[in-house]
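So the chains spell out like this:
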Amino acid sequence: MRSLLAIAVLVLVGAAGAQAEEKPVAINNAPGKDPVEGNCAACHSLDYIGTNSPYMNRKTWDAEVNKMINVFGAPIQPADAKTIVDYLVKNYGTGG
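Residues numbered from 1 in each chain as written. Predicted model: local features only at pLDDT ≥ 70, side-chain atom pairs only at ≥ 80, totals over all residues. Heavy atoms only, no water.

Colleague: Please provide a residue-by-residue account of the overall build of the protein, values included.
Modeller: If you tally the helices and strands in the protein, you get five helices and zero strands. When its helices and strands are written in sequence order, the protein yields α-α-α-α-α. Taken across its 96 residues, the protein has 25% of its residues classed as buried. The contacts of the protein with a sequence gap of at least 6 include a subset with a gap of at least 24, amounting to 62%. (Helix = DSSP H or I, 4+ residues; strand = E, 2+ residues; numbered from the N terminus. Buried < 20%, exposed > 50% of the residue type's maximum accessible area, 1.4 Å probe, protein only. Contact = heavy atoms within 4.5 Å.)

Colleague: Describe the packing of aromatic side chains, naming the residues involved and giving the relevant values.
Modeller: Aromatic ring pairs: the centre-centre distance and the angle between the two ring planes describe each pair. Going through the model one piece at a time under the given rule, you end up with one aromatic pair. Pairing tyrosine 87 with tyrosine 92 gives two aromatic rings, centres 6.1 Å apart and planes at 55°, and the pair type is tilted. A residue is classified by how much of its surface remains accessible, and tyrosine 87, at 2% relative accessible area, is buried. The exposure class of tyrosine 92 is buried, given its relative accessible area of 14%. (Phe/Tyr/Trp six-rings, centres within 6.5 Å; stacked < 30°, edge-to-face > 60°.)

Colleague: Can you lay out the nonpolar core for me, pointing to particular residues and giving the numbers?
Modeller: Membership of the largest hydrophobic core comes to 18 residues, with the highest contact counts inside it found for Val36, Ile49 and Leu88. For this core, the secondary-structure elements that each account for two or more residues are helix H2 (33–40), helix H4 (58–70) and helix H5 (78–92). Once residues lying within four places of it in the same chain are set aside, the contact partners of leucine 88 are Ile49, Trp61, Val65 and Gly93. (Core = buried A, V, L, I, M, F, W, Y, C linked by side-chain atoms within 4.5 Å.)

Colleague: Report on the packing of H4 against H5, specifying residues and quantitative values.
Modeller: Running from amino to carboxyl end, H4 crosses H5 at an angle of 140°, the nearest separation of the two axes being 9 Å. Overall, the two elements H4 and H5 adopt an arrangement that is oblique. For the crossing formed where H4 meets H5, the hand is right-handed. Where H4 abuts H5, its residues Arg58, Trp61, Asp62, Val65 and Ile69 lie against Ala81, Ile84, Val85, Asp86, Leu88, Val89 and Tyr92. Looking at the contact of H4 with H5, its residues break down into nine nonpolar, no polar and three charged. (Axes fitted to C-alpha atoms, helices over the stretch in contact; angles between N-to-C directions. Parallel < 35°, antiparallel > 145°, perpendicular 65-115°, else oblique. Left-handed = near helix turned anticlockwise from the far one by under 90°. Nonpolar A, V, L, I, M, F, W, Y, C, P; charged D, E, K, R; others polar.)

And the structure:
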């Protein structure tokens, strides 16, 4: 029983250490990057951009940004929302 507890503690300590060393996700350095980092990364990791990008066109990116604002309450100003969508479409959009 003690050995199981010791193993569990070691696993948890190792996992915590691995999380502490997680590197920030780099996104394309292009116009609009700052509002994306400032607004989007305030609530979630920027790795969602690359994970979702194979499926996202302008209409879908626009819906995603609007969902963050209207459903989740992201305090994104309208001008920033447009800049964010434009950045996402240009750098991570499917074009469809």
